[in-house]
Amino acid sequence: MRSWQFWIRGIILSSQSNPPRFIELLMLGIAIAMLVLSTIFPQEHAYMVLGLSLVVGASLSILVREAIAPSHQSRVTKITALLLLVISFYGYLDLIHHI
């Protein structure tokens, strides 16, 4: 029970200290889950579309946040977000090609 309390308190503290970053992390976590489900169920394209949409939304949110208030690792964060955008758009093109 104490380990659950530790994790719940950690989640609450991280959501209070930096809410935009917490939401982006949550979106990317759900996107990973959706992309794993799309791998398990390859005929269900909805998981792939939802996962890629969450990646695009989180990446754009990261880019906007870094443009407004740059962090100490701004360059690495922007490059990673742009890389995620390129990969997700490639995923959309691949999905359209296979449908």
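In the block above lies the structure referred to throughout.
Rules and cut-offs
- Along each chain, the written sequence defines residue order, and numbers are assigned to residues from 1.
- Restriction of local features to residues with pLDDT of at least 70 applies here, the model being predicted, together with a cutoff of 80 or more for giving and counting side-chain atom pairs; totals for whole chains, interfaces and linings are based on all residues.
- Hydrogen atoms and water are omitted, and side-chain values are computed over all heavy atoms in the structure.
- Helix numbering and strand numbering both begin at the N terminus, where a helix is a DSSP run of H or I of at least 4 residues and a strand a DSSP run of E of at least 2.
- All radius of gyration figures rest on C-alpha atoms, and the globule criterion is 2.2 Å times the number of residues raised to 0.38.
- The buried label applies to any residue whose accessible area, calculated with a 1.4 Å probe on protein chains only, is under 20% of its type's maximum; exposed applies above 50%, and partly exposed to all values in between.
- The contact definition used throughout considers only heavy atoms, calling two residues in contact when any of these lie within 4.5 Å.
- Here, Shrake-Rupley sampling with a 1.4 Å probe gives the accessible areas, and only protein chains in the shown set may cover a residue.
- The sign given to each residue is positive for Lys and Arg and negative for Asp and Glu; His and the chain ends receive no count.
- A charge is said to be at NZ when it belongs to Lys, at CZ for Arg, at CG for Asp and at CD for Glu.
- For a helix, the expected span equals 1.5 Å multiplied by the number of residues minus one.
- Helix axes are fitted only over the stretch in contact, all axes being lines through C-alpha atoms; the angle between N-to-C directions runs from 0 to 180 degrees.
- Any angle between 65 and 115 degrees counts as roughly perpendicular, while under 35 counts as roughly parallel, over 145 as roughly antiparallel, and the rest as oblique.
- Working rule for handedness: look at the near helix, and if it is turned counterclockwise from the far one by less than a right angle, call the crossing left-handed; if clockwise, right-handed.
- Residue classes follow a fixed rule: Ala, Val, Leu, Ile, Met, Phe, Trp, Tyr, Cys and Pro count as nonpolar, while Asp, Glu, Lys and Arg count as charged, and any other residue, Gly among them, counts as polar.

1. A look at the overall build of the protein
Consideration 1: Counting its regular elements, the protein contains 4 helices and 0 strands.
Consideration 2: Overall, the protein shows an N-to-C arrangement of helices and strands of α-α-α-α.
Consideration 3: A compact globule built from 99 residues would reach a C-alpha radius of gyration of about 13 Å, whereas the protein, at 16 Å, exceeds it by more than 25%.
Consideration 4: With the C-alpha coordinates aligned to their principal axes, the bounding extent of the protein is approximately 45 × 40 × 15 Å.
Consideration 5: Counting over 99 residues, the protein shows a buried share of 21%.
Consideration 6: Restricting the contact set of the protein to residue pairs at least 6 apart, pairs at least 24 apart contribute 57%.
Consideration 7: Approximately 7400 Å² of the protein is accessible, and the part contributed by carbon and sulfur atoms is 74%.
Consideration 8: The distance from the centre of the 6 positive side-chain charges to the centre of the 4 negative ones in the protein is 19 Å.

2. Concerning helix α4 (residues 74-98)
Consideration 1: Across its 25 residues, α4 extends 36 Å between first and last C-alpha, which sits within 8% of the 36 Å expected from 1.5 Å per residue.
Consideration 2: Of the residues making up α4, those classed as buried are S74, T77, A81, L85, S88, G91 and L95.

3. A few points about the packing of helix α3 (residues 45-68) against α4
Consideration 1: Where α3 meets α4, the axes come as close as 9 Å, and the angle between the chain directions of the two elements is 155°. Regarding the angle of α3 to α4, the classification is roughly antiparallel. Considering only the axes of α3 and α4, their crossing is left-handed. Along its contact with α3, which presents H45, M48, V49, L52, S53, V55, V56, S59, L60, I62, L63 and E66, the element α4 presents S74, T77, K78, A81, L82, L84, L85, S88, F89, G91, Y92 and L95.
Consideration 2: Split into classes, the residues belonging to the contact of α3 with α4 amount to 15 nonpolar, 7 polar and 2 charged.

Spatial relationships are all this shows, so hold off on functional conclusions.
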